Amino acid sequence: MEATAEITAAVKNVPALRFPEFEGEWEKKVFNNIVKVIDCKHRTPPYVDEGIPVVSPGSINWGEIDLISPKKRVTEDEYQSLMDHCSPDIGDMVFSRNQSIGIASILYKKEKFVLGQDTVLIQAKKADPFFVYFRLQTHPIQSLISRLSGGSTFSRINLKDVRELKMFVSNSMAEQHKIGSFLTAVENKIQQLSQKKELLEKYKKGVMQQLFSQQIRFKDENGNDFPEWKIKKAKDVFINHSNKKHNGDLPILAITQDKGTVLRDSIDIDIKSSEASIKSYKIIEAGDFIISLRSFQGGIEYSDITGICSPAYTILKATIDIDTTFFKYYFKKESFIKQLSNTVVGIRDGKQISYDAFSGMKLLFPSVAEQAKIANFLTSIDNKINYTSKQLEQAQQFKKGLLQQMFV
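Residues numbered from 1 in each chain as written. Predicted model: local features only at pLDDT ≥ 70, side-chain atom pairs only at ≥ 80, totals over all residues. Heavy atoms only, no water.

Tallied over the entire structure, the rule returns 18 salt bridges. A salt bridge links Lys197 to Glu201; its shortest N-O distance comes to 3.0 Å. With a gap of 4 residues between them, Lys197 and Glu201 both fall in helix H6 (residues 173–212), about one helical turn apart. One salt bridge in this structure joins Asp225 and Lys219, with 2.4 Å as the shortest N-O distance. Using a relative accessible area of 43% as the deciding quantity, one classes Lys219 as partly exposed. Each of Arg97, Asp118 and Arg156 takes part in a single network of salt bridges with overlapping partners. (Salt bridge = Lys/Arg side-chain N within 4 Å of Asp/Glu carboxyl O. Helix = DSSP H or I, 4+ residues; strand = E, 2+ residues; numbered from the N terminus. Buried < 20%, exposed > 50% of the residue type's maximum accessible area, 1.4 Å probe, protein only.)

Structure, rendered in structure tokens:
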């Protein structure tokens, strides 16, 4: 995507980033003067298992309206009764006045649905609909909506306040259309990347299930089958390693479910450790595994950095030749986590998984060469997921910057 807009001078009521063919100040207008805000019918209909979806605040997100997820559905007769006062069309928005206050979904195609309680239909009458859609997403408008609704997630914005929202808009319909079209292209790119990431994650999950259940197997470099997998007790592969021989000069590590093993300073947790307590910390070396306080939920963590951690953690060190990346994936598969959680008694009382409980578990053990092959394959998928995540994050930041600069 290439922005063809140019940075304009800091002129009052003019966006910082503007397409060069447009000029002149934007004008502050009342929302109800540029759009039509249509309220829902205030009655709860009888719901049916199959029928026309009811769009409720909980199912409203930025982007195309979701008519698949809603579980509340009504008959054709109820639809005719509940929607006889409006006729949604492409470019119309369903705006939430409750829960996800101030968020709107947009219609990219004409389909039947019913406005749920605390939703309104917004139809652009004297403005470009996509310009209005992105105008609503800007920080000044969202902040205004938050103030009007009390700023709480469980508050509600009044219909009158929605209609009386004030916002700067371009007097040029051509400029509105160009901004709306440009930002729609950016949003479509974000949706494509988001879908791609989701598909890759599903693919990885499915492949892991097939690989670890041996439904699919790799061949060796000569095209021959690898040896049959062995079953080993965990104690025959990993020992409980507790090394406290340090001077307290190693970095303190944190064991997290979402980021794995990281430097404690890199996460937003303020934990003070006395010099005396640090001396009791255990050394984690790159390649070690760690049983954390939450391993019964998220599996066993892996560390690719060296540091020290609280003595509450159990450090696992391999005693035989293994591919550590293979076990990094193995210890995160759903069936292993379930197996691990079943070995723990009294976890709700604050007990953690002990080495004794872990050591008796049976682990599937392919040859090291096959471990490496599986690890490399899964790593290649992770690399694609990480690359897509980075692209997605960059696109989201790009859009955020545009929303800040293309509107007054």
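A few words now on the sheet that holds strand S21 (residues 314–318). The sheet built from 4 strands is open, its strands ordered S14-S21-S18-S19 with antiparallel pairing. At either margin of the open sheet sits one strand with a lone partner, and together these are strand S14 (238–240) and strand S19 (301–302). As judged from the 3 bridges shared by S14 and S21, these two strands associate in the antiparallel manner. Paired with Asn240 across the bridge in S21 is Leu316. (Pairing = 2+ DSSP bridges.)

A few words now on the environment of Asp220. The residue Asp220 is located in the loop between H6 and strand S13 (230–233) in this model. Looking at Asp220, the relative accessible area reads 22%, which means it is partly exposed. Through-space distance from the C-alpha of Asp220 to that of Ala369 is 7.9 Å; in sequence the pair is 149 residues apart. Sequence-distant contacts of Asp220, that is, excluding residues within four places in its chain, are made with Asp225, Phe226 and Lys373. At a separation of 2.9 Å, a polar atom in the side chain of Asp220 contacts the main-chain amide nitrogen of Asn222. (Contact = heavy atoms within 4.5 Å. Polar contact = N/O pair within 3.5 Å; in protein donor to acceptor, adjacent residues only side chain to side chain.)

For His246, the location among the structural elements is in the loop between S14 and strand S15 (253–256). You can call His246 buried: its relative accessible area is 14%. Within the local environment of His246, its side chain forms a polar contact with the backbone oxygen of Tyr281, the two atoms lying 2.8 Å apart. Beyond its immediate sequence surroundings of up to four residues, His246 is in contact with Ile278, Lys279, Tyr281, Ile283 and Ile308.

In this structure, Phe31, Phe95, Leu136, Leu183, Met406 and Phe407 are the most contacted members of the largest nonpolar core, which totals 43 residues. Once you skip the residues sitting within four places of it in the chain, Phe31 turns out to touch Val37, Ile122, Val132, Leu136, Val162, Arg163, Leu165 and Met167. If you look at the next biggest cluster of nonpolar residues, it comprises 35 residues, including Val207, Ile322, Leu363 and Leu378. (Core = buried A, V, L, I, M, F, W, Y, C linked by side-chain atoms within 4.5 Å.)

This paragraph deals with the layout of surface pockets. Considered as a void within the structure, the largest pocket measures approximately 850 Å³ in volume. Forming the walls of the largest pocket are 25 residues, and the residues nearest its centre are Lys204, Met208, Tyr329, Lys332 and Asp382. The set of elements that each furnish at least two residues to the lining of the largest pocket consists of H6, strand S16 (260–263), S19, helix H9 (324–330), helix H10 (334–342) and helix H12 (368–405). Top element by residues in the lining of the largest pocket is H6. It accounts for 6 residues. Of the residues assigned to the lining of the largest pocket, the class counts are 6 nonpolar, 7 polar and 12 charged. Size it by volume and the second largest pocket reaches roughly 680 Å³. (1 Å grid on protein atoms, 1.4 Å probe; cavity = no way out; pocket = protein on both sides within 12 Å on 5 of 7 lines; lining within 4 Å. Points joined across faces, edges and corners; volume = space filled by probe spheres on them. Nonpolar A, V, L, I, M, F, W, Y, C, P; charged D, E, K, R; others polar.)

Turning next to unusual backbone geometry. With phi around 65 degrees, Asp118 is a residue other than glycine that occupies positive phi space. Along the chain, the position of Asp118 falls in the loop between strand S10 (114–115) and strand S11 (119–124). Residue classification places Asp118 among the buried positions, given a relative accessible area of 13%. The phi angle at Gln214 is positive, at roughly 65 degrees, despite the residue not being glycine. Within the secondary structure, Gln214 sits in the loop between H6 and S13.

Here we take up the side chain of Ser149. Within the secondary structure layout, Ser149 lies in the loop between helix H4 (139–148) and helix H5 (159–163). Ignoring anything within four residues of it in the chain, the contact list for Ser149 reads Ile101, Ser155, Arg156 and Ile157.

On to the packing of aromatic side chains. The tally for this structure, following the rule as stated, stands at 26 aromatic pairs. Between Phe238 and Phe289, the ring centres sit 5.6 Å apart and the planes meet at 80 degrees, which makes this aromatic pair edge-to-face. Remark: Phe289 occurs in strand S18 (residues 289–291) and Phe238 occurs in strand S14; sequence separation between them is 51 residues. Each member of the pair, Phe238 together with Phe289, is buried. A centroid spacing of 5.7 Å and a plane angle of 55 degrees characterise the contact between Tyr330 and Phe336, whose relative ring orientation is tilted. The exposure classification of Tyr330 matches that of Phe336, with both residues buried. Clustering of aromatic rings is evident, with ring pairs tying together Phe212, Phe238, Phe289, Tyr302, Phe326, Phe327, Tyr330, Phe331, Phe336, Tyr355, Phe358 and Phe365. For Lys178, the ring lying beneath its charged end belongs to Phe19, and the centroid distance is 5.1 Å. (Phe/Tyr/Trp six-rings, centres within 6.5 Å; stacked < 30°, edge-to-face > 60°. Lys NZ or Arg CZ within 6 Å of the ring centre and 35° of its normal.)

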